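Listed below are the residues making up each chain.
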Amino acid sequence: MTTIIITTKIKAPIETVFDIARNIDIHQLSAANSNEKAIDGKTSGLIELNETVTWSGKHFGVNLLHKSRITHFHFPTYFVDEMEDGHFKSFKHEHFFQTEGDYTVMIDRLEYETPFGILGAIFDRIILKRYLTNFIIHRNKILKSIAENPQ
């Protein structure tokens, strides 16, 4: 199992950051490079506890589907999305939020397992972990910009 932890400090209220992080439309904006679209389940707005979303996107030159469900939800400090169907053996993304003065600290904790035994492990070590880390960092830059510059 691989774990990725990314911390992002955002100068905005915790409730704002929490809602931006679970907004389907904003996720699609932040994942425009992979043309990720919500195609089933919750496809727009704020996702809630027990709701699912199925994403279609192009990663590594291949169109992939990923269905996840919100399995835990504590507004405005924590939510979890877990894969129900997709190309990972397992995939769990925890989102933590805490206030520090005028800032919200958002922590992404991603745990996943690749399929295909040793080949999956090699692919993860060489390519996938870095790819997912950069994907989340890019996403969080967009979230930060939106939260800190409301229109």
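Definitions and limits used
- Starting afresh in each chain, residues are numbered from 1 along the sequence in its written order.
- This being a predicted model, a pLDDT of at least 70 is required before a residue's local features are given, and a value of 80 or more before pairs of side-chain atoms are given or counted; all residues contribute to the totals for chains, interfaces and linings.
- Side-chain descriptors were evaluated using all non-hydrogen atoms of the structure, hydrogens and water having been removed beforehand.
- The axes used here are C-alpha line fits, helices contributing only the stretch in contact, and every angle between their N-to-C directions lies in the interval 0 to 180 degrees.
- Only runs of H or I of at least four residues qualify as helices and only runs of E of at least two qualify as strands under DSSP, and these elements are numbered from the N terminus.
- The labels follow the angle: roughly parallel below 35 degrees, roughly antiparallel above 145, roughly perpendicular from 65 to 115, and oblique for the rest.
- Note: crossing handedness is left-handed where the near helix turns anticlockwise from the far helix by less than a right angle, and right-handed where it turns clockwise.
- Residue contacts are defined here by distance: any two heavy atoms, one from each residue, within 4.5 Å place the two residues in contact.
- The residue classification treats Ala, Val, Leu, Ile, Met, Phe, Trp, Tyr, Cys and Pro as nonpolar and Asp, Glu, Lys and Arg as charged. All others, Gly included, are polar.
- When DSSP finds at least two bridges between two strands, those strands are taken to pair.
- Summary of the burial criterion: residues with accessible area below 20% of their type's maximum are buried, those above 50% are exposed, and those between are partly exposed, where the area comes from a 1.4 Å probe applied to protein chains only.
- Picture the helix axis, draw a direction to every C-beta atom, and the arc is the one those directions span.
- Salt bridge, as applied in this entry: a Lys or Arg side-chain nitrogen positioned within 4 Å of an Asp or Glu carboxyl oxygen.

**Q** Provide a residue-level description of the packing of helix α1 (residues 14–21) against helix α3 (residues 117–148), including the pertinent values.
**A** Between α1 and α3, the least distance of the axes is 10 Å, while the angle of their chain directions is 135°. Between α1 and α3, the angle falls in the class oblique. Two packed elements cross with a definite hand, and for α1 against α3 that hand is right-handed. Contact with α1, carried on its side by V17, I20 and A21, involves R139, L143, I146 and A147 of α3 and no other residues of that element. Of the residues belonging to the contact of α1 with α3, the class tally is six nonpolar, no polar and one charged.

**Q** Kindly report on the pairing of strand β7 (residues 103–113), identifying the contributing residues and their values.
**A** Relative to β7, strand β1 (residues 2–10) runs antiparallel, the two being bridged by nine bridges. From the neighbouring strand, K9 faces β7, where its bridge partner is V105. Note: strand β6 (residues 90–100) against β7, eleven bridges, orientation antiparallel. Looking at β7, one finds that E94 is bridged to R109. The hairpin formed by β6 and β7 contains two residues between the paired strands, and G101 there has a positive phi angle of roughly 65°.

**Q** Give a description of α1 that names residues and reports values.
**A** I14, V17, F18, I20 and A21 are the residues of α1 that are buried. Down the axis of α1, the buried side of the element spans an arc of 165°, and every buried residue falls inside it.

**Q** Go over the environment of L119, please, and point to the residues and values.
**A** Secondary-structure assignment places L119 in helix α3. In sequence terms L119 and H74 are 45 residues apart; their C-alpha atoms lie 37 Å from each other.

**Q** Give a detailed account of the pattern of salt bridges, specifying residues and quantitative values.
**A** What the rule picks out here adds up to seven salt bridges. Two residues, D19 and R22, come together in a salt bridge whose shortest N-O distance is 2.7 Å. Overall, the relative accessible area of 23% leaves D19 in the partly exposed class. A salt bridge links R109 to E94; the nearest nitrogen and oxygen atoms lie 3.4 Å apart. In this pair, R109 is assigned in strand β7 and E94 in strand β6, connecting sequence segments 15 residues apart.

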